[in-house]
Amino acid sequence: MKFYELSRQERLNQLQQQGVLSTASSAYLLKKPALDEQVLNAMVENNLGEFNLPLGVADNFVINGQKYVVPMVTEEPSVIAAASNGAKRVALGGGFATTVTERLLKAQIIVTQVTNFADFAARIKDVTAKIRQVANDAHPSIVQRGGGFDHLTVSQVGDNFAEVGLWLNPVAAFGANLANTIAEAVAAYLQANILIGQEAVLAAILSNVGSKMLVTTECTVPVTVLATKKIAGITVAQRLVALNQFAHLNADRGTTENKGILNGIFAVALATGNDLRALSSAITTYLMTEQQNVLSTWQLNLEQQTLTGRLTLPLTIGSVGGAINSLPSAQISLEILQQPTIEQLMGIMASTGLANNLAALRALVTSGIQAGHMRLQSANLAIQAGAVGSEIATLQQQLNRSNHSDLAMARAMLQQLRDKKVNKNNDN
Ligand code: MEV
């Protein structure tokens, strides 16, 4: 049986057999205990309870030669199916290859009334060693873990602003708190010792820019793996490349293609307890500065009959710290991913985005997106129509068999189903 055809218990058993899930984690997922009151209170103000979303896994992933099942949290039925579908095709070409060349977080100290920028910059540069010491003393534990202050930049902004950029190595964390702590300590030192005249610190805060937290994932597949029953692989590949070219030329389409990529990225980010707002703002700035409509590029190699996809984007995430440590489900997701390094997690997240992208583009240029979407949406439609228990699966099957399905039709079918049942009971 295919993984998606198994029951939930059987899927959990299989993950245990694969050695990526402990018995305790499997029991936790089955029982779904509520979060501790203390955790809820620590995480939000005015807590009222929990908001639940489904956690599933996409299978078939091969990334840098290693097999993964990828935990994803999403409310959209087709997202996990699309990720598994894309990953299966990519695995046939050898899988994804990912690279992270640097991982630095920026903190900004914003200074006003800088009338002589050259002099300001020289004063800051002169005390670089002292700034390093102030920064590292403000957060000794990150230094013990091999991170801390890396280097600084000084920039003129407008006529009389200056920015002191502190570039920090947050090791496996995203590092928002450590960046803010360090920025405030260095700002206080500068204000007391280095600024002169009217110069004044306006604010000290991390930047959510991800220009030094980029990850690239790449895959090459033989075009034959893209074929459908009716359309040859080479034709699918040509159409897919053309659709991606269109997105590079057209922001309205680029926005939608990016949404498909983010389907994968955000689902893994949520599953691992990461901050979607940080990711969204980093990715938006990246697209603006690169003047790009779409994050991925697909190219055809006619001679080799292969299709290559490439995705580069900033992933401002962590594999430790904050909600990641407090949420048991985020810990289980990391367990399923075999406790990845932060660079591996970035690669997994990006590759899931590219897998979703491949599946979406292939569907769009062949059968269209609605065929697959509606098949998966029909369970939701059945629930919305009022189906309960075994009615859901029966109604889902009936909806899938009909050419057209909407809520009205789902309600009518449910009524028929119930009428039939009543008649049958009466006959007995
Ligand atoms: C739907 O969630 C995502 C797609 O719209 C992405 C795309 O159009 O590339 C299918």
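Residues numbered from 1 in each chain as written. Predicted model: local features only at pLDDT ≥ 70, side-chain atom pairs only at ≥ 80, totals over all residues. Heavy atoms only, no water.

**Student:** Account for the domain arrangement of the chain, naming residues and giving values.
**Tutor:** Assigned domains of the chain: these are domain 1 (34-96 + 214-366), domain 2 (105-207) and domain 3 (373-427). Look at where the C-alpha atoms of domain 2 and domain 3 centre, and you get two points 61 Å apart. (Domains from an automatic or database assignment.)

**Student:** Break down the site of the ligand for me, citing the residues and quoting the values.
**Tutor:** Among the 11 residues in the neighbourhood of the ligand, the closest are listed as Glu 76, Arg 253, Lys 259, Asn 263 and Leu 364. In the model, an oxygen atom of the ligand is placed 2.7 Å from a nitrogen or oxygen of the Arg 253 side chain. Lys 259 has a polar side-chain atom sitting 2.8 Å from an oxygen atom of the ligand. Coverage of the ligand by the protein chains reaches 88% of its 300 Å² of free accessible surface. Counting only elements with at least two residues in the shell around the ligand, the list comes to helix 10 (251-271), helix 14 (342-364) and helix 15 (369-385). Here the element with the most residues in the shell around the ligand is helix 10; it accounts for 6 residues. When the residues that make up the shell around the ligand are grouped by side-chain class, the tally is 3 nonpolar, 4 polar and 4 charged. (Near = heavy atom within 4 Å. Polar contact = N/O pair within 3.5 Å; in protein donor to acceptor, adjacent residues only side chain to side chain. Areas by Shrake-Rupley, 256 points an atom, 1.4 Å probe, with all protein chains shown as cover. Helix = DSSP H or I, 4+ residues; strand = E, 2+ residues; numbered from the N terminus. Nonpolar A, V, L, I, M, F, W, Y, C, P; charged D, E, K, R; others polar.)

**Student:** So what's going on with the packing of aromatic side chains? Residues and values would help.
**Tutor:** A ring pair, where both rings are aromatic, is described by two values, the distance of the centres and the angle of the planes. According to the stated counting rule, one finds 2 aromatic pairs in the structure shown. Where Phe 61 meets Phe 96, the ring centres are 5.9 Å apart and the plane angle is 20°; that geometry is what we call stacked. In this pair, Phe 61 sits in strand 1 (residues 55-63) while Phe 96 sits in the loop between helix 4 (78-92) and strand 3 (97-99), placing the two residues 35 residues apart along the sequence. For Phe 61, a relative accessible area of 1% gives the class buried. With a centroid separation of 6.4 Å and 35° between ring planes, the pair formed by Phe 117 and Phe 120 is classed as tilted. Separated by 3 residues within a single helix, Phe 117 and Phe 120 lie in helix 5 (residues 117-126), roughly one turn from each other. The exposure classification of Phe 117 matches that of Phe 120, with both residues buried. Lying over the aromatic face of Trp 167, Lys 212 brings its terminal NZ or CZ to 5.2 Å of the ring centre. (Phe/Tyr/Trp six-rings, centres within 6.5 Å; stacked < 30°, edge-to-face > 60°. Buried < 20%, exposed > 50% of the residue type's maximum accessible area, 1.4 Å probe, protein only. Lys NZ or Arg CZ within 6 Å of the ring centre and 35° of its normal.)

**Student:** So what's going on with the sheet that holds strand 6 (residues 161-169)? Residues and values would help.
**Tutor:** Here 4 strands make up an open sheet; going across it, the order is 5-6-4-7 and the pairing antiparallel. Edge strands, defined here as strands with exactly one partner in the open sheet, are strand 5 (148-157) and strand 7 (200-206). For this sheet, the mean angle separating the axes of adjacent strands, direction not counted, is 20°. Bridge count for strand 4 (residues 105-112) against strand 6 is 7 bridges, and the pairing is antiparallel. Residue pairing in the sheet places Leu 105 in a bridge with Leu 168 of strand 6. Contacting strand 5 and strand 6, helix 6 (residues 128-138) crosses the sheet at an angle of about 125° to strand 5. (Pairing = 2+ DSSP bridges. Axes fitted to C-alpha atoms, helices over the stretch in contact; angles between N-to-C directions. Contact = heavy atoms within 4.5 Å.)

**Student:** Tell me about the packing of helix 4 against helix 14, and please be specific about residues and values.
**Tutor:** Where helix 4 meets helix 14, the axes come as close as 7 Å, and the angle between the chain directions of the two elements is 95°. Viewed along their axes, helix 4 and helix 14 adopt a mutual orientation that is roughly perpendicular. Judged by residue contacts, Val 79, Ala 82, Ala 83, Asn 85, Gly 86, Ala 87, Arg 89 and Val 90 of helix 4 engage Thr 352, Ala 355, Asn 356, Leu 358, Ala 359 and Arg 362 from helix 14. In the contact of helix 4 with helix 14, the residues fall into 8 nonpolar, 4 polar and 2 charged. (Parallel < 35°, antiparallel > 145°, perpendicular 65-115°, else oblique.)

**Student:** Give a detailed account of the pairing of strand 6, specifying residues and quantitative values.
**Tutor:** Within strand 6, 7 of the 9 residues are buried, which leaves the element mostly enclosed by the surrounding structure. With antiparallel pairing between neighbouring strands as the criterion, strand 5 and strand 6 make up a hairpin whose turn holds 3 residues, including Gly 158 at a positive phi of roughly 65°.

**Student:** Help me get a handle on the packing of helix 16 (residues 390-401) against helix 17 (residues 407-427), residues and values and all.
**Tutor:** Running from amino to carboxyl end, helix 16 crosses helix 17 at an angle of 125°, the nearest separation of the two axes being 10 Å. Between helix 16 and helix 17, the angle falls in the class oblique. The way helix 16 lies across helix 17 gives a crossing that is right-handed. Two secondary-structure elements touch here, helix 16 through Glu 391, Thr 394, Leu 395, Gln 398 and Leu 399 and helix 17 through Met 409, Ala 410, Met 413, Leu 414, Leu 417 and Arg 418. (Left-handed = near helix turned anticlockwise from the far one by under 90°.)

**Student:** Can you lay out helix 6 for me, pointing to particular residues and giving the numbers?
**Tutor:** Of all the residues in helix 6, the buried ones are Ile 131, Val 134, Ala 135 and Asn 136. The inward-facing, buried residues of helix 6 contact helix 5, helix 7 (140-144), strand 5, strand 6 and helix 8 (176-193).

**Student:** Explain the environment of Gln 133 residue by residue, including any values.
**Tutor:** Topologically, Gln 133 is positioned in helix 6. Residue Gln 133 is classed as partly exposed on the basis of its relative accessible area, which comes to 42%. Along the primary structure Gln 133 and Val 221 are separated by 88 residues, whereas in three dimensions their C-alpha atoms are 50 Å apart.

**Student:** Tell me about helix 8, residues and numbers included.
**Tutor:** In this model helix 8 runs 26 Å from its N-terminal to its C-terminal C-alpha over 18 residues, within 8% of the 26 Å that 1.5 Å per residue would give. Along helix 8, the positions that sit buried rather than exposed are Leu 178, Ala 179, Asn 180, Ile 182, Ala 183, Val 186, Ala 187, Tyr 189 and Leu 190. Where helix 8 is buried, its residues meet strand 4, helix 5, helix 6, helix 7, strand 6 and strand 7. (Expected span 1.5 Å × (residues − 1).)

**Student:** A description of the sheet that holds strand 8 (residues 214-222) should follow, citing residues and the corresponding values.
**Tutor:** Taking strand neighbours across the sheet as the criterion, the 4 strands line up as 3-8-10-9 in an open arrangement whose pairing is antiparallel. Looking at the sheet topology across the chains shown, the edges are occupied by strand 3 and strand 9 (296-301). Direction aside, neighbouring strands of the sheet carry axes that sit 15° apart on average. Where strand 3 lies against strand 8, 3 bridges are found, and the strand directions are antiparallel. Within strand 8, the position partnered with Ala 97 by the bridge is Glu 218. Contacts from helix 9 (residues 233-249) reach strand 9 and strand 10 (306-314) within the one sheet, and its direction differs from that of strand 9 by about 145°. Running at roughly 115° to strand 10, helix 11 (residues 276-290) makes contact with strand 8 and strand 10 of the sheet.

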